[in-house]
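Residues per chain are reported as follows:
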Amino acid sequence: MEKPYRMCMVCRERKPKNELVRIVKNQDGIKVDKTGKVDGRGAYICKEGNCCDKLVKTKALNKTFRENFSIDVYNEIMEKLKI
Ligand SMILES: [Zn+2]
């Protein structure tokens, strides 16, 4: 069986899903989804490397979800990604 591949929203590289973390947006807001099972629109970011640090600089969430997120939202997401 082939592994599912997803694209990192920061570096745009395609990687196996287990090397990425899912970020999901639904009516409750936007958050890091470590289970990969939360309902909503999902996007992926590399677990390793500096994509997490580049998230704010590139404003990748804004582009991916077509919404302007505040710096507080970015900081919260980045904190969760680093756990
Ligand atoms: Zn990446």
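Chemist: Quick rundown of the nonpolar core? Include the residues and the values.
Modeler: Counting residues in each nonpolar core, the largest one holds 24 residues, and the members touching the most others are Met9, Ile23, Ile45, Leu55, Leu61 and Leu81. Of all elements in the fold, only β3 (20-26), β4 (29-33), β5 (41-46), α1 (51-58), α2 (60-65) and α3 (71-81) reach the threshold of two or more residues within this core. For Ile45, the contacting residues outside a window of four places in its chain are Cys8, Met9, Val10, Glu19, Leu20, Val21, Ile23, Cys51, Cys52, Leu55 and Leu81.

Chemist: Describe in detail the packing of α1 against α3, supporting the description with residues and values.
Modeler: For the pair α1 and α3, the least separation of the axes is 10 Å and the interaxial angle reads 175°. Of the possible angle classes, the one that applies to α1 and α3 is roughly antiparallel. Here Cys52, Asp53, Leu55 and Val56 of α1 come into contact with α3, specifically with Ile71, Tyr74, Ile77, Met78 and Leu81. Per-class residue counts for the contact of α1 with α3 are eight nonpolar, no polar and one charged.

Chemist: Give a detailed account of the pattern of salt bridges, specifying residues and quantitative values.
Modeler: Applying the stated rule across the entire model yields four salt bridges. For Asp53, the salt bridge identified is with Lys82, shortest N-O distance 3.0 Å. Note that Asp53 is positioned in helix α1 and Lys82 in the segment after α3, a separation of 29 residues in sequence. According to the relative accessible area criterion, Lys82 is exposed, its value standing at 55%. In this structure, Glu76 engages Lys80 in a salt bridge whose closest nitrogen and oxygen atoms are separated by 3.7 Å. Of the two residues, Glu76 and Lys80 both sit in helix α3, four residues apart, roughly one turn of that helix. By relative accessible area, which is 47% here, Glu76 ends up partly exposed.

Chemist: Before we move on, can you summarise the environment of Gly42 with the specific residues and values?
Modeler: Positionally, Gly42 belongs in strand β5. A relative accessible area of 31% means that Gly42 is categorised as partly exposed. When the C-alpha atoms of Gly42 and Val24 are compared, they prove to be 4.2 Å apart, with 18 residues separating the residues in sequence.

Calculation notes
- Starting from 1, residues in each chain are numbered consecutively following that chain's sequence as written.
- Reporting of local features is limited, given that this is a predicted model, to residues whose pLDDT is at least 70; pairs of side-chain atoms are given and counted only at 80 or more, and all residues count toward the totals for whole chains, interfaces and linings.
- To obtain the side-chain values, all non-hydrogen atoms of the structure were used and water was disregarded.
- Buried Ala, Val, Leu, Ile, Met, Phe, Trp, Tyr and Cys residues that are joined via side-chain atoms within 4.5 Å together make up what is termed a nonpolar core.
- For each residue, the accessible area found with a 1.4 Å probe, counting protein chains only, is set against the maximum for its type, and the residue is called buried under 20%, exposed over 50%, and partly exposed in between.
- The helix count covers DSSP runs of H or I at least four residues long, the strand count covers runs of E at least two residues long, and both are numbered beginning at the N terminus.
- Any two residues having at least one pair of non-hydrogen atoms within 4.5 Å are treated as being in contact.
- Here an axis means a line fitted to C-alpha atoms, over the contact stretch when the element is a helix, while the angle between two N-to-C directions is reported on a 0 to 180 degree scale.
- Here the word oblique covers every angle except those under 35 degrees (roughly parallel), over 145 (roughly antiparallel) and from 65 to 115 (roughly perpendicular).
- Note on residue categories: nonpolar means Ala, Val, Leu, Ile, Met, Phe, Trp, Tyr, Cys or Pro, charged means Asp, Glu, Lys or Arg, and polar means any other residue, Gly included.
- Throughout this description, the term salt bridge denotes a Lys or Arg side-chain nitrogen within 4 Å of a carboxyl oxygen of Asp or Glu.

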